[in-house]
Amino acid sequence: MRQNKPVIGITGTIAAGKSTVSRYFRDAYRIPILDADVVGHEVLLEDGVKQELTKAFGSDILNADQKQVDRRKLGKIVFTDAKALNRLNSITHPVICIRIDEAIAKTQEAEPEAPFLLVEAIELLRSPLKDMVQEVWAVCADPQVRIRRIMKRQNLTEAEAVARVQSQWSDEEYSRRAAVVFDGGGDTPALYAQCDRVYARMMERGEGEGHG
Ligand SMILES: CC(C)(COP(=O)(O)OP(=O)(O)OC[C@H]1O[C@@H](n2cnc3c(N)ncnc32)[C@H](O)[C@@H]1O)[C@@H](O)C(=O)NCCC(=O)NCCS
Ligand SMILES: Nc1ncnc2c1ncn2[C@@H]1O[C@H](COP(=O)(O)OP(=O)(O)OP(=O)(O)O)[C@@H](O)[C@H]1O
C-alpha cells in the first residue's frame with residue numbers, strides 16, 4: 001500500500017519570505033506546495049462563506065455588483081482590528097482547513113515521487129492546520145525589513161505597514177514553535193543556501209521513504 005509522505009507546515013511573520021522559501025523548494029526540488037493564502041481567496045468565492053461574512057461585516061465588504069467579497073475592503077477592516085480579524089478567521093479557517101485537507105489527499109495521490117509536501121500558511125499555528133502537519137518550519141525577518149517590504153509591495157504608508165506587523169504574532173512566537181527557522185531578512189542567495197541545507201538534512205533523515 002502507498003505510504004503518505006510527510007506534510008511540513010511553513011509559516012512565519014508577514015512578508016518574512018515564506019513564499020520565497022516555498023517557491024525555492026518547488027523550483028529546485030519539485031516539492032508540491034499548498035498555499036493557504038490562495039485557498040483563502042478561493043473560499044471567499046463560496047456562497048456560504050460570502051453569506052457569513054456579509055452577516056458579520058455588512059454588505060459594504062462586497063464589490064460594486066454585490067457578487068463577490070472585495071478583498072481590499074475586507075483587508076482594510078480586519079488588518080487594523082484584531083477582533084475583526086479573529087471573527088474573519090473563525091468564519092474562513094474551518095473551510096480553509098477542509099479544502100487543504102482535501103488538497104493534501106489529492107497531492108499525495110498525484111505526486112507519489114515527492115519526498116514531502118509543504119503547506120504554507122501564516123495562520124498555521126493558530127488554526128487546525130497545525131494538527132494536519134508533522135513538522136513546522138518558520139521564516140522570520142527583522143520587523144523593520146518587513147515593514148519596508150510591505151510598504152513597497154502593497155503601496156501602503158509606514159503607519160499602515162506598522163499596523164499590519166503589530167496586529168500579528170512576533171518572530172519569536174513563530175520561531176519558538178518551529179523545528180527549523182529560516183532567516184528571511186538577509187539576501188536571497190543566503191536564504192536559498194539555507195533551504196539547500198534543510199533539504200539535504202531531510203534526505204539524510206530518510207524523508208520520502210514514506211510515513212504511515
Ligand atoms: C483579508 C483578506 C480578504 C485580504 O485579502 P488580500 O488579497 O488583500 O490580502 P492577502 O490575502 O494577500 O493577505 C495579505 C497578507 O496578510 C496575511 N494574512 C492573510 N490572512 C490573514 C489572517 N487571517 N491573519 C493574519 N494574516 C493574514 C497574508 O499572509 C499576507 O501576508 C484575505 O487575506 C483573507 O480573506 N484572509 C482570511 C483568510 C485567511 O485566514 N488566510 C490565511 C490562511 S493561513
Ligand atoms: N531575502 C530577501 N531579500 C530581499 N527581498 C525579499 C527577500 N525575501 C523576500 N523578499 C521580498 O519581500 C516580499 C515578501 O516576500 P514573500 O512574499 O516571500 O513573503 P511572505 O512571508 O510569503 O509574505 P506574506 O506574509 O505576504 O505571504 C516580496 O516582495 C519579496 O520579493
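Definitions and limits used
- Residues numbered from 1 in each chain as written.
- Chains lettered and ligands numbered in written order.
- Predicted model: local features only at pLDDT ≥ 70, side-chain atom pairs only at ≥ 80, totals over all residues.
- Heavy atoms only, no water.
- Axes fitted to C-alpha atoms, helices over the stretch in contact; angles between N-to-C directions.
- Helix = DSSP H or I, 4+ residues; strand = E, 2+ residues; numbered from the N terminus.
- Parallel < 35°, antiparallel > 145°, perpendicular 65-115°, else oblique.
- Contact = heavy atoms within 4.5 Å.
- Nonpolar A, V, L, I, M, F, W, Y, C, P; charged D, E, K, R; others polar.
- Phe/Tyr/Trp six-rings, centres within 6.5 Å; stacked < 30°, edge-to-face > 60°.
- Buried < 20%, exposed > 50% of the residue type's maximum accessible area, 1.4 Å probe, protein only.
- Near = heavy atom within 4 Å.
- Polar contact = N/O pair within 3.5 Å; in protein donor to acceptor, adjacent residues only side chain to side chain.
- Areas by Shrake-Rupley, 256 points an atom, 1.4 Å probe, with all protein chains shown as cover.
- Pairing = 2+ DSSP bridges.
- Left-handed = near helix turned anticlockwise from the far one by under 90°.

Caption draft 1: Spotlight on the packing of helix H4 (residues 71–78) against helix H5 (residues 82–110). One can describe the packing of H4 onto H5 by two numbers: an axis separation of 7 Å at closest approach and a directional angle of 130 degrees. The angle between H4 and H5 falls in the class oblique. Along its contact with H4, which presents Leu 74, Ile 77 and Val 78, the element H5 presents Ala 84, Leu 85 and Leu 88. Across the contact of H4 with H5, the residue classes break down as six nonpolar, no polar and no charged.

Caption draft 2: Region of interest: the packing of aromatic side chains. In total, this model carries eleven aromatic pairs according to the counting rule given. Between the aromatic rings of Phe 116 and Trp 137, the centroid separation amounts to 5.9 Å while the plane-to-plane angle is 70 degrees, which identifies the pairing as edge-to-face. Taken together, the residues Phe 116 in the loop between H5 and strand E3 (117–120) and Trp 137 in strand E4 (residues 135–140) connect sequence positions 21 residues apart. Across this residue pair, the class does not change: Phe 116 and Trp 137 are buried. When the ring of Phe 116 is compared with that of Tyr 199, the centres are 6.2 Å apart and the planes differ by 45 degrees; the resulting orientation is tilted. In this pair, Phe 116 is assigned in the loop between H5 and E3 and Tyr 199 in helix H9 (residues 188–204), connecting sequence segments 83 residues apart. Tyr 199 sits in the buried class, given a relative accessible area of 14%.

Caption draft 3: Quick look at the site of ligand 2. What surrounds ligand 2 is a group of 16 residues, the closest being Lys 18, Ser 19, Thr 20, Arg 153 and Gly 186. Between ligand 2 and Ala 16, the relevant distance is 3.2 Å, taken from an oxygen atom to a main-chain nitrogen or oxygen of the residue. Measuring from an oxygen atom of ligand 2, one finds a side-chain N or O atom of Arg 149 at 3.5 Å. Considered on its own, ligand 2 offers 620 Å² of accessible surface; in the complex 73% of this is hidden by protein. Those elements that provide at least two residues to the shell around ligand 2 are helix H1 (18–29) and helix H6 (143–154).

Caption draft 4: Geometry of unusual backbone geometry. The phi angle at Arg 30 is positive, at roughly 55 degrees, despite the residue not being glycine. For Arg 30, the position within the fold is in the loop between H1 and strand E2 (33–35).

Caption draft 5: Examining the pairing of strand E1 (residues 7–12) more closely. Summarising burial for E1: six of the six residues are buried, a large majority. Covered by surrounding structure in E1 are Val 7, Gly 9 and Thr 11 together with Ile 8, Ile 10 and Gly 12, the residues of both alternating faces. Note: E1 against E3, four bridges, orientation parallel. Residue Ile 8 lies in a different strand from E3, and its bridge partner there is Leu 118.

Caption draft 6: Seen up close, the packing of H6 against helix H7 (residues 158–166). The geometry of H6 relative to H7 is characterised by a closest axis approach of 9 Å and an angle of 125 degrees between their N-to-C directions. By the angle between their axes, H6 is oblique relative to H7. For the pair H6 and H7, the sense of crossing is right-handed. Only Glu 158, Ala 161, Val 162, Arg 164 and Val 165 of H7 make contact with H6, whose side of the interface consists of Pro 143, Arg 146, Ile 147, Ile 150, Met 151 and Gln 154. Tallied by class, the residues present in the contact of H6 with H7 amount to seven nonpolar, one polar and three charged.

Take it as geometry only, folks, not as evidence of what the structure does.
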